[in-house]
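Here's the letter readout for the chains.
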Amino acid sequence: MSKKVEVGAIQAQSFASAVDLVLKIYKALMPFLTALAAVPLIPPTWRAALIAFLQALDLAATAPSSIGRSRQPLPNALLGEARASGSHP
């Protein structure tokens, strides 16, 4: 007989709460990730990618808290222009 496992419904999160959660986890892991980025045994390209990732999260952590909290979706025209230019919204 196989056991049936019930999984609770996953609640949808707003973008802002998801960003807040990512930043909370990042702040806890920042000392470890910073130390890891300094280890010379890690290939230089991986270290460079980790450093870029850390810099992006630092920028997000210092950004105003209103980012991502807008309830207005981006107009399709803006999304199309952003995709055409290679940047992501």
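Scroll up to find the structure.
Residues numbered from 1 in each chain as written. Predicted model: local features only at pLDDT ≥ 70, side-chain atom pairs only at ≥ 80, totals over all residues. Heavy atoms only, no water.

1. Topic: a nonpolar patch on the surface
For step 1, the next point in the chain: Together, Leu21, Ile25 and Leu29 line one region of the surface with nonpolar side chains, adding up to about 250 Å² of accessible area.
For step 2, the next point in the chain: A residue is classified by how much of its surface remains accessible, and Leu21, at 40% relative accessible area, is partly exposed. (Patch = residues over 30% accessible without salt bridge, like charges linked within 9 Å, V, L, I, M, F, W, Y side chains within 5 Å. Areas by Shrake-Rupley, 256 points an atom, 1.4 Å probe, with all protein chains shown as cover. Salt bridge = Lys/Arg side-chain N within 4 Å of Asp/Glu carboxyl O. Buried < 20%, exposed > 50% of the residue type's maximum accessible area, 1.4 Å probe, protein only.)

2. What about the nonpolar core?
For step 1, the next point in the chain: Counting 7 residues, the largest nonpolar core consists of Leu23, Tyr26, Leu33, Ala37, Leu50, Leu54 and Leu57.
For step 2, the next point in the chain: Put simply, the parts of the chain that give this core at least two residues each are α1 (15–37) and α2 (44–62).
For step 3, the next point in the chain: Broken down by element, the residue count for this core peaks at 4 residues, all from α1.
For step 4, the next point in the chain: With residues up to four places along the chain from it excluded, the contact list for Leu33 reads Leu50 and Leu54. (Core = buried A, V, L, I, M, F, W, Y, C linked by side-chain atoms within 4.5 Å. Helix = DSSP H or I, 4+ residues; strand = E, 2+ residues; numbered from the N terminus. Contact = heavy atoms within 4.5 Å.)

3. Some thoughts on α2
For step 1, the next point in the chain: A rise of 1.5 Å per residue sets the reference length of α2, with its 19 residues, at 27 Å; its end C-alpha atoms lie 27 Å apart and thus fit the reference within 8%.
For step 2, the next point in the chain: Residues of α2 that are buried include every one of Leu50, Leu54 and Leu57, and no others. Here the buried residues of α2 occupy an arc of 65 degrees about the axis, which is enough to place them on one side. Relative to its buried face, α2 has exposed residues pointing more than 90 degrees away, namely Pro44, Thr45, Gln55, Leu59 and Thr62.
For step 3, the next point in the chain: Residues of α2 that are buried make contact with α1. (Expected span 1.5 Å × (residues − 1). Arc of directions from axis to C-beta.)

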